[in-house]
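If you want the building blocks of each chain, they are given just below.
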There are 2 protein chains.
Amino acid sequence: MKPTRIEHVGIAVKNLDEAIPFYEKLLQTKCYAVEEVAEQKVKTAFFTIGETKIELLESTDPEGPIGKFVEKKGEGVHHLAFAVDELSEESLAELASDDVRLIDKKPRRGAEGLRIAFLHPKSTHGVLTELCSE
Amino acid sequence: MKPTRIEHVGIAVKNLDEAIPFYEKLLQTKCYAVEEVAEQKVKTAFFTIGETKIELLESTDPEGPIGKFVEKKGEGVHHLAFAVDELSEESLAELASDDVRLIDKKPRRGAEGLRIAFLHPKSTHGVLTELCSE
């Protein structure tokens, strides 16, 4: 399982209606999709930048993961996602055997239909890390 | 001044000697440079991932910006850097006129010989943002 590029950088924001116009101006590109991920209690907004993306995340529930993050730490970078060539239960088990702490022991379905799994920031020097494959 | 790609993601760590081997394993690529930026009181380590980079930052002084960051927030993503086609005092003034708060009113010299300027996280939805050009 080799990471090939940064798939996206996830940024927690309080309000997409304010953050989208700001990032459209900064990145000089239009937000190309807004998607609600009910299971994660977030609304997401995507921007393309080179071969990667910025994903803005607004909580739809104060008890959801983004709601709690913003409450505790304020707005800011929430996670870093790498595209990998193949994400499987076996490749995650291999990471675990290298003492990487997994949040997801097997891949699940994320935004944009990707297969995703998260690694715990305790074992990645503080970075909530997502692995994604198509 | 148009951002063309993510130039790098800066991650504050406590100890490069521990963080470098971890990121070499995760990214399956060797750290290609370690550089001290005395002015910023940091030692940096770089990894290539696709068209972008991961920059690990270890403080060389508890009173420096990375030392204070790690003390307050722990290890984790410190800043997000975008490559832009042309970074100048004029293009920064244009951002300021759009109510973006600047840390650097004119470009200065950063790691790897780039011209850089930082935007304040208060006006970027919590993301310490760096703009870079060659």
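Residues numbered from 1 in each chain as written. Chains lettered and ligands numbered in written order. Predicted model: local features only at pLDDT ≥ 70, side-chain atom pairs only at ≥ 80, totals over all residues. Heavy atoms only, no water.

Caption draft 1: Local environment of the overall build of chain A. Helix and strand content of chain A: three helices and eight strands. For chain A, the succession of helices and strands along the chain, N to C, is β-α-β-β-β-α-β-α-β-β-β. For chain A, the C-alpha atoms occupy an extent of roughly 45 × 30 × 25 Å along the three principal directions. Across chain A, the fraction of contacts at a sequence separation of at least 24, relative to all contacts at a separation of at least 6, is 51%. Carbon and sulfur atoms make up 46% of the accessible area of chain A, which amounts to about 6,400 Å² in all. For chain A, the distance from the average position of its 18 positive side-chain charges to the average position of its 25 negative side-chain charges is 3 Å. (Helix = DSSP H or I, 4+ residues; strand = E, 2+ residues; numbered from the N terminus. Contact = heavy atoms within 4.5 Å. Areas by Shrake-Rupley, 256 points an atom, 1.4 Å probe, with all protein chains shown as cover. Lys, Arg positive; Asp, Glu negative; His and termini not counted. Charge placed at Lys NZ, Arg CZ, Asp CG, Glu CD.)

Caption draft 2: Inspection of the relation of the copies chain A and chain B at higher detail. The transform that puts chain A on chain B rotates by 180° and translates by 0.0 Å along the axis, for an RMSD of 0.0 Å. These values place the two chain copies in the arrangement generated by a two-fold rotation axis. Comparing interface residues between copies, 100% of those in chain A also sit at the interface in chain B, which points to an isologous, same-surface contact. (Least-squares fit on C-alpha atoms with pLDDT ≥ 70 in both.)

Caption draft 3: Highlighting the pattern of salt bridges. Residue and element names in this part refer to chain A. As enumerated under the stated definition, the model contains eight salt bridges over all chains in all. With its nearest N and O atoms 2.9 Å apart, the salt bridge here joins D104 to R108. Exposure remark for D104: the relative accessible area of 11% places this residue in the buried category. For R108, a relative accessible area of 23% puts it in the partly exposed group. (Salt bridge = Lys/Arg side-chain N within 4 Å of Asp/Glu carboxyl O. Buried < 20%, exposed > 50% of the residue type's maximum accessible area, 1.4 Å probe, protein only.)

Caption draft 4: Representation of the interface of chain A and chain B in the model. Listed by partner, the interface residues are 37 residues for chain A and 37 residues for chain B. Taking both sides of the interface into account, the surface hidden between chain A and chain B amounts to around 3,100 Å²; carbon and sulfur atoms contribute 67%. Of all residues in chain A, F22, L26 and H125 of chain A bury the most surface against chain B, accounting for 21% of the area lost on that side. Across the contact surface, chain A and chain B share twelve residue pairs in polar contact (both at pLDDT 80 or more). Of all the elements in the fold, those that place two or more residues in the side of chain A that touches chain B are β1 (3-13), α1 (16-27), β4 (52-59) and β5 (76-84) of chain A. Sort the elements by how many residues they give to the side of chain A that touches chain B and β1 of chain A lands first, with eight residues. Residues of the side of chain A that touches chain B, tallied by class, amount to 20 nonpolar, ten polar and seven charged. (Buried area = accessible area lost by both parts, 1.4 Å probe. Polar contact = N/O pair within 3.5 Å; in protein donor to acceptor, adjacent residues only side chain to side chain. Nonpolar A, V, L, I, M, F, W, Y, C, P; charged D, E, K, R; others polar.)

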